[in-house]
Amino acid sequence: MIEEKFQNAVEIITKNDRGGYTVPTSKLYPHQWNWDSAFTALGISTYNKTRAWQELILLIKAQWKNGMIPHIIFHKNDPNYFPGPNHWQIKSNANTSCHSQPPVLASIIWDMVKNGNNYDLKKGQSLFNSLMAYHEWFFSARDPNNEGFISIIHPWESGRDNCPDWDLGLHNVNVPDNFGDYVRCDTSHVEISQRPTNKDYDKFMSIVEYGRNCNWDPKKMYDEGPFLAIDPGINFIFLKANKDLLSLAKLFNYKNRVNKIESWINKLEDGCQNFWNDKVKAFTAFDMRSNQFCDAITNASMLCLYASTGSDKQKNYTIKHCERILNSCVYGMPSVDPKHKKFESERYWRGPVWSIMNYMISHGLEHEGEYSLAKRIKDDTIKLIEVGGMYEYFNPHTGKGLGGHDFSWTAAILLVFGRDSSNLKFTTNK
Ligand code: GLC
């Protein structure tokens, strides 16, 4: 049974292959996405190393001169996707979007090198400088005041596009008069009840327009842009990526890089304390424009365990939240605490379960020695795939598959769980 699912996962990824890169799913997302490609490459590495490295090489080929690796790469134009290449830059058919996404790349490369052979080591080595430049860019563009945390300039940069974490900030984003003269494509592929509202979409597009008008100048976006927020997800993923970058630097014996990366790690470890929300006893998002915490506990709050950071007390609170939230739904880990007033079981990042987040959370729990919770999350992910199908995200109460179907990263995570555990039990009985 599980073997069939693995086979199906390989078939889905192969079907989404567009020649050197893999789309997340056909129609809804017909381009190359940054963190999707990274997770997908990890999945592919379980059965075809050459193709896996090719995925990453093509992603990194799109790196900007300033080090940024964009969130979308438009290898081809596709009129059925919005916002496409001509919406990002003035008078240009950009071949990328103009901000980034959660930088899981170094961690994926470290995983492929650690679990690989000399071929993987050489490939990893050839991409090391690009990773350094990418991380440098995050510090200079998204933490220009050297405070030890990075801030996102658009909710899409968090990868958790429509989470209630961004509601505070979006509330203050001005939508220019007569705005809305555009046609969304996502809702012709997926029911609107599973996607962001039109009101939110107007706000997303207003930020894109602001960015386009200032040529995405990082300083202007940071100092004056319509939206600026601390995302616990991207910060913890970045911290973990720096720890994995350090492992690579040590393995390759790049002595002169080790000190620099260590200083980045120390800075980020201290910086995380800025978004510990003592009121809810969790790491939560913080809106930098209105100086307010968001009070939702999300699956990104749990990633402090993945980055292995925070005091023992903070980690314990987080583990307790994990347990409590898992007990409040049939399949974990929902993207928002079901107790929170903004929880919605089927709308995008406002409640549903995402396999990639489960992968990182389960790693974090294992690292803390919380093996049974980690196993529960892995088992839930596998059950969801069986109950709901290989979907983009899932209803945490019913297991219904939501959003795009035949989804690359969901297939990839199944393959990685398979690689990491030889005795996966595949049952639907809860
Ligand atoms: C959605 C998700 C984002 C993902 C993209 C492609 O926009 O929010 O995280 O990268 O889809 O799958």
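Positions within a chain are numbered from 1, following the residues in the order the chain's sequence is written. Only residues with pLDDT of at least 70 get local features here, since the model is predicted, and only at 80 or more are side-chain atom pairs given and counted; chain-wide, interface and lining totals rely on the full set of residues. Computation of side-chain values: all heavy atoms of the structure, hydrogens and water removed.

Section: the site of the ligand
The ligand sits among 13 residues. The nearest are Asp36, Gln101, Gly159, Asp161 and Trp349. In the analysis that follows, any N or O atom pair within 3.5 Å is treated as a polar contact, provided that within protein one partner can donate a hydrogen and the other can accept it, and provided that, for residues neighboring in sequence, both atoms belong to side chains. Within the contact set of the ligand, an oxygen atom lies 2.8 Å away from a side-chain nitrogen or oxygen of Gln101. At 2.9 Å from an oxygen atom of the ligand is found a side-chain nitrogen or oxygen belonging to Trp349. The method behind every accessible area is Shrake-Rupley, applied with a 1.4 Å probe, and residues are considered shielded solely by the protein chains displayed. Computed on the free molecule, the ligand has an accessible area of 300 Å², of which 97% lies beneath the protein chains in the complex. Residue classes in the shell around the ligand are distributed as eight nonpolar, two polar and three charged. Nearness of a residue to a molecule or strand requires only that one of the residue's heavy atoms be within 4 Å of it. Asp, Glu, Lys and Arg are counted as charged, while Ala, Val, Leu, Ile, Met, Phe, Trp, Tyr, Cys and Pro are counted as nonpolar; the rest, among them Gly, fall into the polar class.

Focus on helix α5 (residues 118-142)
A rise of 1.5 Å per residue sets the reference length of α5, with its 25 residues, at 36 Å; its end C-alpha atoms lie 35 Å apart and thus fit the reference within 8%. A residue's bend is simply the angle between two axes: one fitted to the seven residues ending at it, one to the seven starting at it. Each helix is a run of H or I in the DSSP string that is no shorter than four residues. Each strand is a run of E no shorter than two, and both are numbered from the N terminus. The sharpest bend along α5 comes to roughly 40°, located at Phe128. Its side-chain oxygen placed 3.0 Å from the backbone nitrogen of Tyr119, Asn117 serves as the N-cap of α5. What a helix is expected to span follows from its residue count: subtract one and scale by 1.5 Å.

Things to note about the side chain of Thr381
Relative to the helices and strands, Thr381 is located in helix α14 (residues 371-388). If near-sequence neighbours (up to four positions away) are discounted, Thr381 is found in contact with Ser355, Asn358 and Phe417. Contacts between residues were defined by any pair of non-hydrogen atoms, one from each residue, lying within 4.5 Å.

Some points on the sheet that holds strand β7 (residues 286-287)
Paired strands are those between which DSSP finds at least two bridges. Strand order in this open sheet of four strands is β3-β4-β7-β8, and the pairing throughout is antiparallel. Every other strand in the sheet has two partners, leaving β3 (151-152) and β8 (292-293) as the edge strands with one partner each. Examined bridge by bridge, strand β4 (residues 229-230) and β7 share two bridges and lie antiparallel to one another. Bridge pairing in β7 places Ala229 opposite Asp287.

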